[in-house]
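# Secondary and tertiary structure notes
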Amino acid sequence: MWYAIWAEDHADTLALRKQHRPEHLSRLHALRDAGRLMLAGPLPAIDLEEPGEAGFLGSLIVAEFADRQQAQAWLDAEPYLVHGVYARVTLRPFRKTLP
């Protein structure tokens, strides 16, 4: 099943986000390479793709997992969560309708 992961950053964590980005991206690339990643990306704090020092408010990831427990286990090892970038994370089942 597909799961949507909506993560909200703590304030002032841009430096932490940059520090742990390679490990974060490595895990997303592994999902992509396994055909299990629908989309992933950060949520800019301002209306620019590259918000500079304004940073990001969080992330959105939609990925496929066998069940909620597998999704939660993947999320529990997420570097942005482990290292304190994410303040809150919501995990929900997702059903793609369009396109």
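Just above sits the structure.
First things first, this report covers the structure right here in the doc.

Conventions adopted
Residues take numbers from 1 onward in each chain, read along the sequence in its written order. With the structure being a predicted model, the display of local features is reserved for residues of pLDDT at least 70 and the display and counting of side-chain atom pairs for 80 or more, all residues being used for whole-chain, interface and lining totals. With hydrogens and water stripped out, all remaining heavy atoms of the structure feed into the side-chain values. Nonpolar cores were defined as sets of buried Ala, Val, Leu, Ile, Met, Phe, Trp, Tyr and Cys residues, with membership established by side-chain atoms within 4.5 Å. Exposure is judged per residue with a 1.4 Å probe applied to protein chains only, and the accessible area is read against the type maximum: over 50% gives exposed, under 20% gives buried, and values in between give partly exposed. Helix numbers and strand numbers start at the N terminus; a helix is a DSSP run of H or I with at least 4 residues, a strand a run of E with at least 2. Any pair of residues with heavy atoms lying within 4.5 Å of one another is described as a contacting pair. Under the rule applied, a polar contact is a pair of N or O atoms within 3.5 Å (in protein, one hydrogen donor and one hydrogen acceptor; residues adjacent in sequence only if both atoms are side-chain atoms). What makes a salt bridge here is a side-chain nitrogen of Lys or Arg within 4 Å of a carboxyl oxygen of Asp or Glu, nothing more.

Attention now goes to the nonpolar core. Counting eleven residues, the largest nonpolar core consists of Tyr3, Ile5, Leu28, Leu31, Ile61, Ala63, Phe65, Ala71, Trp74, Leu75 and Leu91. Listed by contribution, the elements that provide at least two residues to this core are β1 (2-9), α1 (14-33), β3 (56-64) and α2 (68-76). With sequence-adjacent residues up to four places away left out, Leu91 is seen in contact with Tyr3, Ala4, Ile5, Arg68, Ala71, Gln72 and Leu75.

Quick look at the side chain of Asp9 now. You can see Asp9 is positioned in strand β1. Asp9 gets classed as buried once you look at its relative accessible area, which sits at 11%. Engagement of the side chain of Asp9 in a polar contact is seen with the side chain of Arg17, the distance being 3.0 Å. If sequence neighbours within four positions are ignored, Asp9 has contacts with Arg17, Phe56, Leu57, Gly58, Val85, Tyr86 and Ala87.

The subject of this paragraph is the pattern of salt bridges. Counted under the stated rule, the structure contains five salt bridges. Taking the shortest distance from any N to any O, the salt bridge between Arg88 and Glu8 comes out at 3.2 Å. Placement of the pair is Arg88 in strand β4 (residues 86-94) and Glu8 in strand β1, with a sequence separation of 80 residues. Judged by relative accessible area, Arg88 falls into the partly exposed class, the value being 49%. The partner of Glu53 in a salt bridge is Lys18, with the nearest N and O atoms 3.9 Å apart.

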